[in-house]
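Chain by chain, the residues:
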Amino acid sequence: MSIEPYSTRVRALFDTPAHAGGLDDAASSSIDDQGVRIQLFAQVEAGSIRGLRFRAWGCPHVIAAAEAFCECYEGRQASDLSDFTASELMQSLPVPIEKSGRILVIEDAVRSLGKVLCGTSEPHD
Amino acid sequence: MTDKPDLIYLDYAATTPVDPRVVAAMSRLLEMDGDFANPSADHLAGRRSSVHVANAAEQLAALLHVHPDRLIWTSGATESNNLAIIGAARARQHRGQHLITMPTEHKAVTDVFRALERQGFDVTWLLPDECGALDIDALEAAFRDDTQLVSIMHVNNETGLLQDIARIGESCRRRDVLLHVDAAQSVGKLPVDLGQLPVDLASMTAHKMYGPKGIGGLYIADRPGCHIEPLMFGGGQQRRLRPGTLAVHLIAGFGCAAEIAATSLAEDLEHLTTLRDQLWAGIRDVPGIRLNGDIDNSFPGILNASIADIEGESLLLALEPLCVATGSACNSQSQEPSYVLRALGRSDAEAQSAIRFSLGRQTRSEDIVVAVRRYRSAVSKLRDLAPVLAA
Amino acid sequence: MLGNLKNTRVILGLSGGVDSAVAAILLKDAGADVQALHMTNWEDDDGYCTAAEDLQDARRVCEQLDIPLHQANFTRQYRDRVFDHFLDEYRAGRTPNPDVLCNREIKFGVFRDYAKRLGGTWLATGHYARSAVVDGVTVLSKAADADKDQSYFLHAVSAEALAETVFPLGELQKSEVRQIARDRGLTIHDKKDSTGICFIGERPFREFLSTYLPANPGSIRTPDGIEVGQHHGLMYYTLGQRQGLGIGGRKDAADEPWYVVDKELVSNTLIVVQGDSDLLLSNSLLGIDASWIGPAPPDLDMGYRCNAKIRYRQADQDCTVTRNDAGDLVVDFDAPQRAVAPGQFVVFYDGDRCLGGAVIDRILERPARVTPAKVAAI
């Protein structure tokens with residue numbers, strides 16, 4: 001255990017999560033697993049993610065990771081969501097190894113959102 | 001970096017800053033022109049040092065209303081607890097091997113009993129009520145013919161709950177069973193009159209009462225049958241019960257802290273009660289909050305509350321710059337829910353969301369105002385972040 | 001065996017007991033990139049104490065060995081895939097073996113999937129068994145410590161999973177494992193081995209089961225129909241059982257113990273006999289839902305000679321296994337078997353090699369000298 005458990009980036013993302021909240025008329029996914037609850041909302045126009053929001057219940061790394069994901073994928077193509085892996089966030093924040101399982105819950109939520117957006121004609125969960 | 005406001009230290013139950021008067025008393029003893037010598041040495045300098053040790057014993061003894069000869073210096077309450085419990089259990093094992101304690105004791109007690117269990121001792125763990133108090137009838141029922149030692153803490157380090165040591169001690173005396181009390185959270189902060197209380201062994205430490213870290217004490221009553229075996233060997237100091245060169249500067253610091261405590265105790269208590277009441281009044285209406293312990297039967301320097309549906313680690317970070325504890329400082333590294341709160345019947349989630357505010361002499365009313373504001377805003381921030389439960 | 005794990009990510013199932021802790025030591029010594037995964041499969045208030053202690057012990061082991069500890073909660077999956085089946089089997093009057101299912105569905109199922117997501121190239125557990133891939137064929141073998149061998153419980157795990165699993169304790173004796181734990185100063189070296197089914201722990205079994213299944217008391221009769229007592233519910237009794245029947249002091253009976261030989265679900269009757277009766281014996285059983293580690297033995301339709309165990313730690317029994325038209329297995333034993341319990345597993349061996357197994361569906365044949373007055377309940 002390091003002396004300071006949170007990187008400057010994790011602290012900043014946790015302190016001011018600009019993408020926290022819900023979105024109306026958006027596709028969404030929701031996962032409750034391994035002690036983490038996560039909800040993602042996406043508004044997509046012509047295949048591009050115009051708005052991305054999250055709600056999360058979990059430790060600071062989970063909240064920071066959800067915010068980092070939204071920050072990174074807003075404005076990108078909805079099809080990019082299938083490329084998302086938890087390891088991107090694990091390294092960039094960074095997240096301690098012991099918490100990898102929680103970030104995998106975010107990965108599950110992103111995959112699920114990707115399926116909602118690309119897999120079916122119904123945008124609503 | 002955003003400039004964070006100054007830290008607000010509300011973790012006095014973990015440790016306290018050292019009183020400047022104590023610092024002054026100690027530093028005089030560390031230097032060449034001070035009394036740095038080994039107090040066991042047979043020369044003038046040694047005898048000068050030993051005067052400081054004797055003075056400190058007088059100061060601590062005065063606080064506790066006991067004779068100074070009944071005190072042993074140790075490295076802290078953890079060592080005192082080990083020495084008292086293992087020492088007494090071994091000294092009396094020819095009479096019996098049954099011991100009684102509670103699962104809500106500090107780790108420095110529970111882990112000692114677990115070690116004794118592995119060595120063949122038989123330990124009864126008495127469960128507390130939902131506030132944390134010991135049911136005296138349960139204690140009476142737990143006594144056996146071979147019971148030798150009961151160990152119950154005075155003030156719980158997580159909840160501040162006070163045990164009724166006088167009644168517990170009377171029960172033990174009637175049975176000729178020794179009572180050890182972990183008084184680490186009460187000595188110097190509450191009146192602890194060991195001259196009156198039916199207590200045989202009591203552990204204490206300087207650093208929770210504005211003294212230095214690394215020095216503690218063990219009180220051993222002057223009664224037939226009340227003796228302990230040493231855990232360490234190596235010299236004739238302290239009646240061979242705890243050999244080793246005495247740390248004169250730390251002992252003097254502890255003595256000085258005890259003397260200050262004796263004079264300021266009533267005022268300290270009034271100060272803490274006012275602040276604790278201000279704090280609880282400020283947060284008690286937060287939806288989902290639940291006090292752990294019993295505010296009417298508590299040391300006022302500690303307030304512990306759980307909050308429904310809030311994740312503990314995020315709460316702790318959102319509370320910055322408040323320095324508060326989630327559980328006992330010893331297990332705050334791992335995220336396991338407090339075993340003390342679990343024993344009070346709290347769920348894992350409730351235990352994990354618990355925050356212990358502990359107040360001290362330097363805490364000001366303005367600090368409590370900030371603490372209340374921070375707590376309320378942290379809870380509402382995290383609730384806003386949380387997913388809305390699907391119907 | 002552990003030599004080729006250097007710098008390879010191994011996810012080890014760490015329970016908080018001595019065995020998996022020593023497995024961690026061995027993997028670390030082999031230079032593997034070991035990460036531990038502690039799973040919770042069962043949550044209730046009664047079980048809390050040991051579960052919390054196990055997690056705490058797992059933490060201590062990881063701190064001592066300086067390896068990261070992941071935690072995962074598979075309570076939901078355990079309930080859906082293991083416990084529901086366990087209850088169903090009891091309802092059907094059978095005696096299930098949840099440990100076999102737990103290995104197949106959880107430890108080598110969801111747990112393994114999770115380990116892969118954590119970047120594990122290998123999965124490791126503290127089981128006493130050996131696995132190897134020989135010429136492209138996955139082989140599960142008994143542990144070097146015959147007394148501790150757990151291959152019986154692993155027989156239903158897929159070859160695919162076994163091929164990616166290491167059992168670091170497979171070559172060791174239990175005494176050596178304890179010795180390593182002591183020598184390395186593991187604080188848990190003297191911890192007792194857990195006993196019983198994981199979710200029941202040390203609780204009385206009857207009390208545990210009664211909270212999930214309604215007990216339906218009925219009569220206890222001899223094969224001739226004479227009522228000799230009352231039972232608490234058929235599910236509490238296992239074929240061959242002699243303790244706890246509450247029959248005794250009958251004037252017309254000798255002092256010999258009574259044994260359960262049958263359960264009649266329809267009439268809710270427990271059938272018992274006095275003395276070590278031939279009724280407890282059977283020559284042959286029907287195995288269903290067979291699973292093989294790798295391809296099924298080639299001459300199964302002709303009658304395949306091998307060894308079998310019908311319960312954990314039983315000595316190997318010589319038998320002939322024949323696949324019938326329905327695809328189920330008829331197992332004919334050379335020597336009559338005592339107390340064959342439907343719901344348990346028959347596991348097949350070729351020497352040390354574990355071939356696979358099947359669920360015991362029912363007894364097919366009693367020894368000839370026994371009057372077939374009763375056919376075993378389904």
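All values reported here derive from a predicted model rather than from experimental measurement.

Caption draft 1: Looking closely at the overall build of chain C. Along the backbone of chain C there are eight helices and 17 strands. The principal-axis extent of the C-alpha atoms belonging to chain C is close to 70 × 50 × 35 Å. In chain C, which comprises 378 residues, the share counted as buried stands at 54%. The long-range fraction of contacts in chain C, counting pairs at least 24 apart against all pairs at least 6 apart in sequence, stands at 66%.

Caption draft 2: Geometry of helix 11 (residues 365-385) of chain B. Between the first and last C-alpha of helix 11 of chain B there are 30 Å, a value that for 21 residues agrees with the 30 Å anticipated at 1.5 Å per step. The set of residues buried in helix 11 of chain B consists of B:Asp367, B:Ile368, B:Ala371, B:Val372, B:Tyr375, B:Ala378, B:Val379, B:Leu382 and B:Leu385.

Caption draft 3: Structural context of the environment of B:Arg361. Residue and element names in this part refer to chain B. Secondary-structure assignment places arginine 361 in the loop between strand 12 (355-358) and helix 11. For the pair arginine 361 and leucine 272, spaced 89 residues apart in sequence, the C-alpha to C-alpha distance is 7.6 Å. Not counting residues up to four positions away in its chain, the partners in contact with arginine 361 are Tyr12, Asp19, Tyr210, Ile260, Ala261, Ser264, Asp268 and His271. Here serine 264 takes part through its side chain, which lies 3.4 Å from a polar atom of the side chain of arginine 361.

Caption draft 4: Spatial organisation of the nonpolar core. Grouped together as the largest cluster of nonpolar side chains are 212 residues, with contacts concentrated most on A:Phe69, B:Trp73, B:Ile283, B:Leu315, B:Phe357 and B:Tyr375. In terms of residue count, the dominant contributor to this core is helix 7 (residues 248-283) of chain B (17 residues). With sequence-adjacent residues up to four places away left out, B:Trp73 is seen in contact with B:Val53, B:Ala56, B:Ala57, B:Leu60, B:Ile215, B:Gly216, B:Gln238, B:Arg242, B:Leu246, B:Ile251 and B:Phe254. Among the nonpolar cores identified, the runner-up in size contains 33 residues, and C:Val10, C:Val18, C:Ala58 and C:Ile188 belong to it.

Caption draft 5: Main features of the packing of aromatic side chains. Inspection of the entire model under this criterion finds 24 aromatic pairs over all chains. On the basis of an interplanar angle of 55° and a centroid distance of 6.1 Å, the ring pair of C:Trp42 and C:Phe208 is categorised as tilted. With C:Trp42 in the loop between strand 2 (33-40) and helix 2 (48-65) and C:Phe208 in helix 8 (residues 205-210), the pair connects residues that are 166 residues apart, well separated along the chain. Note on accessibility: C:Trp42 and C:Phe208 belong to one class, buried. Here the aromatic cluster, defined as three or more aromatic residues joined through ring pairs, consists of C:Trp42, C:Tyr78, C:Phe83, C:Phe86, C:Tyr90, C:Phe208 and C:Tyr212. One residue, B:Arg361, lies across the ring of B:Tyr210, its end atom 4.0 Å from the ring centre.

Caption draft 6: Up close: the pairing of strand 16 (residues 345-350) of chain C. All names here are of chain C. In terms of burial, strand 16 is a largely internal element, five of the six residues being buried. The sheet contact formed by strand 13 (residues 304-309) and strand 16 spans three bridges and is antiparallel. Residue lysine 309 lies in a different strand from strand 16, and its bridge partner there is valine 347. Sheet topology places strand 16 next to strand 17 (residues 353-365); six bridges connect them, and they run antiparallel. Looking across to strand 17, one finds that valine 346 is bridged to alanine 358. Counting the residues in the hairpin turn of strand 16 and strand 17 gives two residues, including glycine 351, whose phi is positive at 65°.

Caption draft 7: Representation of the pairing of strand 6 (residues 178-182) of chain B within the structure. Residue and element names in this part refer to chain B. For strand 6, the buried fraction is high: five of the five residues fall into the buried class. Residues Leu178, His180 and Asp182 of strand 6 are buried on one face, and the alternating residues Leu179 and Val181, pointing to the opposite face, are buried as well. Between strand 5 (residues 147-151) and its parallel partner strand 6, the chain crosses via helix 6 (residues 165-175), and the hand of that crossover is right-handed. Here strand 6 runs beside strand 7 (residues 201-205); their pairing, made up of three bridges, is parallel. Paired with histidine 180 across the two strands is leucine 201, which belongs to strand 7.

Caption draft 8: Looking closely at the confidence of the model for chain A. Mean pLDDT over chain A: 90, with 93% of residues reaching 70 or higher. Scored below 50 in pLDDT, residues 121-125 of chain A shows eleven contacts in the model against residues more than four places distant or in partner chains.

Caption draft 9: Structural detail: the interface of chain A and chain B. Listed as interface residues are 22 residues of chain A and, on the opposing side, 20 residues of chain B. Both faces considered, chain A and chain B share a buried interface measuring about 1,800 Å² in area, 55% of it formed by carbon and sulfur atoms. Counting the surface chain A buries against chain B, the share from its top three residues, A:Phe14, A:Arg37 and A:Trp57, is 31%. Among the ionic pairs, A:Arg37 bridges to B:Asp309, the shortest N-O distance being 3.2 Å. Linking chain A with chain B are ten residue pairs in polar contact (both at pLDDT 80 or more). Elements represented by at least two residues in the side of chain A that touches chain B include exactly helix 1 (8-15), strand 2 (36-45), strand 3 (48-57) and helix 2 (60-73) of chain A. By residue class, the composition of the side of chain A that touches chain B is twelve nonpolar, four polar and six charged.

Caption draft 10: Structural view of the packing of helix 3 (residues 77-91) of chain B against helix 4 (residues 107-118) of chain B. Residues and elements named next belong to chain B. Relative to each other, helix 3 and helix 4 sit at 30°, their axes nearing to 9 Å. As the angle between them shows, helix 3 and helix 4 are arranged roughly parallel. Two packed elements cross with a definite hand, and for helix 3 against helix 4 that hand is right-handed. Where helix 3 approaches helix 4, its residues Thr78, Asn81, Asn82, Ile85, Ile86 and Ala89 are matched on the opposing element by Ala108, Val109, Val112, Phe113 and Leu116. A per-class count over the contact of helix 3 with helix 4 returns eight nonpolar, three polar and no charged.

Caption draft 11: The packing of helix 2 (residues 44-64) of chain B against helix 7 of chain B, seen in detail. Residue and element names in this part refer to chain B. Packing of helix 2 against helix 7 leaves a shortest axis separation of 8 Å and a crossing angle of 30°. One finds that helix 2 runs roughly parallel with respect to helix 7. Crossing of helix 2 against helix 7: the hand is left-handed. Taken together, the residues of helix 7 that come into contact with helix 2 (itself represented by Ser49, His52, Val53, Ala56, Gln59, Leu60 and Leu63) are Val248, Ile251, Ala252, Phe254, Gly255, Cys256, Ala258, Glu259, Ala261, Ala262 and Leu265. Of the residues contributing to the contact of helix 2 with helix 7, the split by class is 13 nonpolar, four polar and one charged.

What counts, and where the lines are drawn
Residues numbered from 1 in each chain as written. Chains lettered and ligands numbered in written order. Predicted model: local features only at pLDDT ≥ 70, side-chain atom pairs only at ≥ 80, totals over all residues. Heavy atoms only, no water. Helix = DSSP H or I, 4+ residues; strand = E, 2+ residues; numbered from the N terminus. Buried < 20%, exposed > 50% of the residue type's maximum accessible area, 1.4 Å probe, protein only. Contact = heavy atoms within 4.5 Å. Expected span 1.5 Å × (residues − 1). Polar contact = N/O pair within 3.5 Å; in protein donor to acceptor, adjacent residues only side chain to side chain. Core = buried A, V, L, I, M, F, W, Y, C linked by side-chain atoms within 4.5 Å. Phe/Tyr/Trp six-rings, centres within 6.5 Å; stacked < 30°, edge-to-face > 60°. Lys NZ or Arg CZ within 6 Å of the ring centre and 35° of its normal. Pairing = 2+ DSSP bridges. Right-handed = clockwise from strand over helix to strand, strands pointing away. pLDDT = per-residue confidence, 0-100. Buried area = accessible area lost by both parts, 1.4 Å probe. Salt bridge = Lys/Arg side-chain N within 4 Å of Asp/Glu carboxyl O. Nonpolar A, V, L, I, M, F, W, Y, C, P; charged D, E, K, R; others polar. Axes fitted to C-alpha atoms, helices over the stretch in contact; angles between N-to-C directions. Parallel < 35°, antiparallel > 145°, perpendicular 65-115°, else oblique. Left-handed = near helix turned anticlockwise from the far one by under 90°.

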